[in-house]
Each structure stands twice: as structure tokens, then as C-alpha cells.
Amino acid sequence: LTPKEKIGQMTQIEVGKLVDCNGYLNKSAVEYWIDEWKVGSFLETPGNHGGRYSWYSPHTFANFTDAVQRIALEKGPKLPVLWGLDSVRGANYVKGAVIFPAGIATAASFDPHQAYAAGRIAAKDTRAAGVHWAFAPVLDLGVNKLWPRCYENFGEDPYLSSQMAVASVHGFQGDYKKDRTRVAACMKHFIGYGYPFDGSDRANRHIARNELLEYYVPPFQAAIDAGVATAMESYSTINGRPVVLSRYYLQELLRDQLGFKGMLVTDWEEINSQATIYKTAKDYAQATTAALNRTSIDMSMVPDDESFSQITLDLVSNGTVPMSRLDESVMRILQLKKDLGLFDQPFADESLQETVGSAQDIEAGRNAARESITLLKNKNSVLPLSTNESVLFLGPTLNSTRYMGGGWNVHWQGPSEQEGDSVYEGLGDTVLRGVKAITGSDPKYLKGVDIDGKALIDTDAVIAAARSADKIVIGLGEHTYAEIVGNIENLALPHNQLKLVEIVARESQKPVVVVLIEGRARGLGRIPEIADGIIDAYLPGIYGGQPIAEVLYGKVNPSGRLPFTYPGSESQASSMIWQASYVPYTPQWPFGYGLGYSNLTYSNFTLSSNVLRVGSPVTATVSIANNGPHAQKEPVLLFTHQQYRFDAAPDLYRLRAFTKVELAVGESKQVSFTIKAE
């Protein structure tokens, strides 16, 4: 390969540069990027960048990617292109594919199989569209609950996130070097992205080196040990130093210490952003020079212009960047293409297109939601509801598919206001449809308030209906968002959403159940005190309505547990289970909290030894009994706590092991965990 061809392999361009003014593939543009600049990778869906269709079916998507591949095999270096896509919750950009629960919901299941299943189906559906590379899993720790990307990851705990990371990587990749229904996974965002100091996306992070290694690294190490093929570096800075320009983070730590041997890509425009946003470089050239000479970055997600290619060509020509540096990255990129089978068959597999959105896949999405939904309060056993009761349903989230989907759902920011739920064309469901399936009749529903909480709606009618009901279920939550668009000033849900609950509870004097459909732990005001029942469904995906209804009516006994600390005040936005033990920990609900509809008792906790040493593991055993009245799935969580730790404040608690057991009424089981000092 010529220097220009090598640089082209290291360049990734977004699909909008290939779309003409009518939304169709612009073949001249494709030829320009491939023939002139030798570009070897593209990303994204045309549906986000002026494409003819809002949501591309696997067949239509594949027609687009296949057309690009045909040009790539005829022009430029005649090498297949590698296509990347944010298939973070199933193949969420492929029409008809199941959009799974968000990462925090998957984590709430405390069942790694759910992460595996979501990855496995996402891989199949992504490959059906002619895409070979999924930008997932997201392994940031969601520490600051204001952060708009909390929902994408597996919560705040290093161990939980690590277990989900392994399962997710195996789901996406499997034996991806042979199995052409799999894709290359991409662990992201390396590293420390989830602790922005003020909660806003891309804000600076202040993370001590020892804390970074102790808490933030383990999920990435687990993914590396599981064989993850690629990685994406993180936006922004840690302690004022940009990650994308850091020799320590992207060479010494990632490559030398953690042993990552795969391909490393930047996040969106992150090299050039050093000059335009963060002001950590004078210009694009200085940023590109530092990124190439200091780090092991293999591919720049440019994504909109020729800057990286032209600057890198100049740097190689004048000797600033050695040719050996290009060879190192191109070798990894071409090896990845070979591993994915692109040199043999780079086109979409039409047979996979027929499997997208199958009944089996939909049931897998619903099962993931069923396992994750978390019961936080159940005063006087207000739940489950009975089909004989008169129930009033209120709130903007109970009659919406897109709000259950959240961001990264059809589009980056979710469906637009103009599209609403119509974009799904009958796919997905709602809570109300789920209720109807259970009760056999249309539920009594009034909206009561809009999603942004700008205005209460038909308050007099709401009060009158509430007074005549036996119980009231109110769905609260968030508008769809992703990244910076989701920045918020404070944790509280919109004022009028909270006010609706207060008005209904006060004026009706009837039991009130609140269902939260949210991407992060929002402030609830007086709801924990006022409501009789509270359920957190997180973002359960577009097929989450039926599972929520099943939990409400007792068809499913809730078994989710909080994968994060739920703050009780603004000052607790960054409270977490592994904070220093001397710092007060008084959240609304702690990490791992959750209820079921049965009465379970834990007893006979024993340790095989009261001394833990390297080479001498200890077995912890506990008995769990289900006293009824329902069968129950129970996540069993093992925590440790150090009474002291010399010269370093000990954690409050550390999650060391977990499993999920199923107990029939009257059944008792022993659960054992092995604790190692290593």
C-alpha cells in the first residue's frame, strides 16, 4: 500500500458524506472518498444524516452498504470497507430489529445472560444490514447521576459492569473469526468518561490514578480478557489532560499494562476537537501529530472532511510521523477486516434479513425487561393490581413507545416530535397495550401532563376520574435524549410531573402507584413519601410495555435490583456504593435495592474460614427461603467491607459476587460464593 492508501485505512468518514440532496447514495461521493482519499471505513446510518428513509430496513440498509462495497472493490486500493454502527441496544438503527432495554436496565437484571442475548441478536441484525462492527458495549461507570449517558452503561459498580462486559462481548462476537452472523465488538469509552465533575456530558473528570485503576479499569480489563476486538477512546479530559493525546492512557495503560492488542478508534471528531472545543492543541495538525506520535490510535473517526488524511500525509512526507507508525495501525485494521471475513465476502447476508425482528427476538427483548424492572416501594401490598379493580392510568410515558426506547432508538436522539410513535409502524408496544392484553379491555387513560412538564392537562377531569377509581397508576419519565442534548441542571423530574402525583394523591385519597421510565436516577421530590407503590422500569426498550403491565398485574414477580445508588438529594448525585466508608451514605435507595411480591428470608450465613489469604479462598454460604405467596427470582449479592485499609480509605462496600436463583413457594436453597484474596 502507498502512504496515502495506508492513511485511508486509518480514516473513518460518516455516511452523510455519501448521501445526495435527495437522500440517495451519491456514487460520485463514494468514489471521491475511496478513489481519491482511499478511505477504508464508514459509519452511521443514512437515517441520521439526510437519508431518504427515516429508519432503514435491513434490506434497504444492506443495499446501501453493499453498493459502497462494490465501489470499494473496484476503486482506490480495492479493499473492502469496514462499516461501524452504534448497535448499543440491539441493532437500534435497523428497522424492525428489537430495541432492547438500555444498559442500566440490563444491569438491573443481575443476569449476564441478558447482556449476552442482547449482544447476540444485535450482532445478527447488524450483520444483516451489511455492517460488521458494533460500537458496544459501553463500559463507563455511571457515577454522576446527572450525566446524560448513565443509561448506556451497566451502572456504577466495577464488578457488575465487568460481568456484563464479558457476557456482552461474547454475545456480539462469539467465534466472529468464523461465524459470519457475528460482529466485532468495541469496548468504550476508554476511560473515566462516567464521572464528569458537574454531570454534563464531556465535562472534565477529576479522577486519581489509584481510583482509575481500582474502579474504572476492571470492566475494560474484563472485556480485553474476553477477547474484545476493538476499543474506542473517551471524549474530553481527565485531570485536564486529553485522553486522545495521552501516551499514558492509550499506550502505557491500554496496550502495555492491560494487554489490549485490538484496533483502537477515536470517538467522533475527537482529534480535531482538541483544537476546536477543548483548546488543548493549537490546530488540527498539532492535535494529529500528538495523537499519532504519543498514542496507539489506529483509526480516526474524522468524520466529515479530509483533514486527518491530508495532515497525516504531510506529517509522513516530512518525517514527523514515521512510516512504521502507519504500518502498526494498518496491520491491526487489515487483520480485523480479515478476521471478519471481509476479504472473502464483504456483502450483507440476505438470509439474515429474514430473521430481523422475529417473534423469538421480541420475546428475548421482553424477557430482558421482565428481569430488570425494579420494585422500590409496595406499601400495604398495593401491587400487584387485580383485574377486578378499577384502575386509572395517567402520565405521558404509559402511552408511548419512544419514551420507553429513549436515545439511540431509531435515531441518535430517538424519534423526532414529528415522527412520534408513528415511525415504528406498529412495531413495539406501550404500557396501555400491555394492560389491555391482560385485562381484556381498554384501560381508562388520561395524559395529565406532558413529558417536559410544561403544563398539566385536564386537571379537573383527572381529579374526577381519580376519585372514582380504586387505584391510580401514574407513568413519569424523561424525553428521549443522548449525549450533550441530555444535559440537565438538576436531578429533579419536571415540576408538573411531580405536581400531578401530589394533586392526584391529595384529591383522590386513593392508592397511587408511580412507574418511572427514565434513563438515569431523577429526583422524585415527595413521591417516595406520597406514593404507595413505585416501580423503576429504566428504559425497557420498545417492547417494554407488556413486561411493565405484567409486573403491575402480578403476571411477573419483579426481580430487578438497582444497579446504581438512587440519590435522595442533589448533593448525592455522585454517591456510590464504593465511595470512602467514612462519607455518609444515605441515599433514597442504595445500590442493589429492590423488592418482590414474596416474603423471602435469609439465614444461616457461614464462612468456611474467618481468615482470607492469597492462595486460600473462603467460601460464603447463605440459605434463602421463599415464604410465599408467589414464586420469586432473587438476585443474591455478596458484598465485602474492610474495617480499615492502611494508607487508603476503605470502600463503603464492594460487590464481589452475585447470582440469581429461582424459588418456588415454600422452597429453600443454599447459595455459595468463593472469595479470593487475589
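Note that the coordinates shown come from a computational prediction; the quantities given were computed from them, not determined experimentally.

Draft legend 1. Up close: the sheet that holds strand E15 (residues 512–517). In space, the six strands of this open sheet follow the order E11-E16-E15-E14-E12-E13, with mixed pairing throughout. Among the strands making up the open sheet, the edge pair consists of strand E11 (374–378) and strand E13 (444–446). Each strand of the sheet is rotated relative to its neighbour by a mean of 20°, with strand direction disregarded. Bridge count for strand E12 (residues 391–394) against E13 is three bridges, and the pairing is parallel. What sits directly across from Leu-394, in E13, is Leu-446.

Draft legend 2. Seen up close, the nonpolar core. Core analysis: the largest hydrophobic core is formed by 185 residues, its most contacted members being Phe-42, Val-68, Met-187 and Leu-552. Here Phe-42 is in contact with Gln-12, Ile-13, Leu-18, Trp-33, Ile-34, Val-68, Val-81, Leu-82, Trp-83 and Gly-84, once residues within four sequence places are set aside. Within the second largest apolar cluster, 14 residues are counted, among which are Trp-55, Ala-118, Ala-368 and Tyr-424.

Draft legend 3. Just the packing of helix H7 (residues 209–216) against helix H9 (residues 247–257), in detail. In contact at an axis separation of 14 Å, H7 and H9 are set at 50° when each is read in the N-to-C sense. With respect to H9, the axis of H7 lies oblique. Crossing geometry of H7 relative to H9 is assigned as right-handed. Where H7 approaches H9, its residues Arg-209, Leu-212 and Leu-213 are matched on the opposing element by Tyr-248, Tyr-249 and Leu-253.

Draft legend 4. Fine view of the sheet that holds strand E5 (residues 186–190). Judged by pairing direction, the sheet is parallel, and its three strands sit side by side in the order E5-E6-E9 without closing on themselves. Edge strands, defined here as strands with exactly one partner in the open sheet, are E5 and strand E9 (263–265). Averaged over neighbouring strand pairs, the angle between their axes works out to 25° when direction is ignored. Of the strand pairs in this sheet, strand E6 (residues 230–233) and E9 are connected by three bridges, and their pairing is parallel. The residue of E9 that forms the bridge with Met-232 is Val-265. Its contacts with the sheet put H9 on E5, E6 and E9, and the angle it makes with E5 is roughly 135°.

Draft legend 5. Quick look at the environment of Ser-390. Tracing the chain through its elements places Ser-390 in the loop between E11 and E12. In this structure the C-alpha to C-alpha distance between Ser-390 and Gly-533, which are 143 residues apart in sequence, comes to 16 Å. If sequence neighbours within four positions are ignored, Ser-390 has contacts with Ser-468, Ala-469, Asp-470 and Lys-471.

Draft legend 6. Examining the packing of helix H15 (residues 359–372) against helix H21 (residues 545–552) more closely. It is at 8 Å that the axes of H15 and H21 come closest, and there the two elements cross at 40°. Classed by the angle they form, the pair H15 and H21 counts as oblique. The element H15 and its partner H21 pack so that their crossing is right-handed. Contact residues: Arg-366, Ala-369 and Arg-370 in H15; Gln-546, Pro-547 and Glu-550 in H21.

Draft legend 7. Summary view of the environment of Lys-510. Within the secondary structure, Lys-510 is located in the loop between helix H19 (495–508) and E15. Taking C-alpha positions, Lys-510 is 33 Å from Gly-666, a pair spaced 156 residues apart along the chain. Residues in contact with Lys-510, not counting those within four places in the same chain, are Ala-466, Arg-467, Ser-468, Ala-469, Asp-470, Ile-472 and Asp-532. A distance of 2.6 Å separates a polar side-chain atom of Lys-510 from the backbone oxygen of Ala-469.

Draft legend 8. Here's a closer look at the pattern of salt bridges. Applying the stated criterion across every chain, the model contains 32 salt bridges. Between Asp-125 and Lys-124 there is a salt bridge, and its shortest N-O distance comes to 2.5 Å. There is no split in this pair, since Asp-125 and Lys-124 are both buried. Across the pair Asp-298 and Arg-255 runs a salt bridge whose closest N-O atoms are separated by 3.0 Å. Taken as a pair, Asp-298 in the loop between helix H11 (284–294) and strand E10 (300–301) and Arg-255 in helix H9 lie far apart in primary sequence, 43 residues in all. Taking relative accessible area as the criterion, Arg-255 reaches 9% and is therefore assigned buried. Linked through salt bridges whose partners overlap, the residues forming this network are Arg-149, Glu-152, Arg-202 and Glu-483.

Thresholds, definitions, all that
Residues numbered from 1 in each chain as written. Predicted model: local features only at pLDDT ≥ 70, side-chain atom pairs only at ≥ 80, totals over all residues. Heavy atoms only, no water. Pairing = 2+ DSSP bridges. Helix = DSSP H or I, 4+ residues; strand = E, 2+ residues; numbered from the N terminus. Axes fitted to C-alpha atoms, helices over the stretch in contact; angles between N-to-C directions. Core = buried A, V, L, I, M, F, W, Y, C linked by side-chain atoms within 4.5 Å. Buried < 20%, exposed > 50% of the residue type's maximum accessible area, 1.4 Å probe, protein only. Contact = heavy atoms within 4.5 Å. Parallel < 35°, antiparallel > 145°, perpendicular 65-115°, else oblique. Left-handed = near helix turned anticlockwise from the far one by under 90°. Polar contact = N/O pair within 3.5 Å; in protein donor to acceptor, adjacent residues only side chain to side chain. Salt bridge = Lys/Arg side-chain N within 4 Å of Asp/Glu carboxyl O.

None of the figures reported here should be taken as evidence of function without further support.
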